[in-house]
Amino acid sequence: MSALRLERIAGNDTGLEAALTDAHLPTDDIEDDGRTFFKAFSSGDRIVGFSGLEHCGDHFLLRSVVVLPDHRGQRLGGALVEQTLASLDCGGDVFLATTSAAPFFARLGFSEVLRDGVPAAVLATRQLSSICPSSATIMRLNRPPT
């Protein structure tokens, strides 16, 4: 996978909002508390994408993963997810919701979970309680035993 450098940014970053809007991803709550967003740079210091995490009690919600159109097809999405997850400082489970990218995330070690198996703190996020459709696939990262 390609090497990326992540830089922490605020939810009101105009590049983040534009990239999410262009990718038809939600922006309604990106400025709310409890979210951490990253801008991804290639080795040549070009902006190639964005990602985010939402802290949910002991768990996390991976969100706002987008590779800019000019950089798609270069295996940067996997590297972006991998480096975003490497930024976590605790061992809680990582969840996500997607309407179209389940096969991509499955290749990265996520598997579909039923809504009733998702912790209440994750379900209570705006992302899962009101923004994403109820038909969205919820996935959890499968981690090897420690």
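Sequence order sets the numbering: in each chain, residues are counted from 1 along the sequence as written. Given that the model is predicted, a residue must reach a pLDDT of at least 70 before its local features are reported, and side-chain atom pairs must reach 80 or more before they are shown or counted; all residues, however, enter totals for whole chains, interfaces and linings. Excluded from the side-chain calculation are hydrogens and water; included are all heavy atoms of the structure.

**Looking at the confidence of the model for the protein chain**
- A score from 0 to 100, pLDDT tells how confident the predictor is in each residue. Here the protein chain averages 89 in pLDDT, while 96% of its residues score no lower than 70.
- By the criteria applied, helices consist of DSSP H or I runs no shorter than four residues and strands consist of E runs no shorter than two, each listed in order from the N terminus. The element-level mean pLDDT for the protein chain is lowest in helix α5 (residues 126–131), coming to 84, with strand β6 (residues 110–112) highest at 95.

**Thoughts on the packing of aromatic side chains**
- What counts as a ring pair is set by centres within 6.5 Å for rings of Phe, Tyr and Trp (its six-membered ring), and what kind of pair is set by the plane angle: stacked under 30 degrees, edge-to-face over 60, tilted for all other angles. For the coordinates displayed, the defined rule picks out two aromatic pairs.
- On the basis of an interplanar angle of 80° and a centroid distance of 5.7 Å, the ring pair of Phe105 and Phe110 is categorised as edge-to-face.
- Each residue gets one of three labels from its accessible area relative to the maximum for its type: buried under 20%, exposed over 50%, partly exposed in between, using a 1.4 Å probe on protein chains only. Residue classification places Phe110 among the buried positions, given a relative accessible area of 3%.
- A connected cluster of aromatic rings, assembled from ring pairs, spans Phe104, Phe105 and Phe110.
- Here, a charge over a ring means that NZ of Lys or CZ of Arg falls within 6 Å of the ring centre while also lying within 35 degrees of the ring normal. Across from the ring centre of Phe41, 4.3 Å away, lies the NZ or CZ of Arg5, which sits over that ring.

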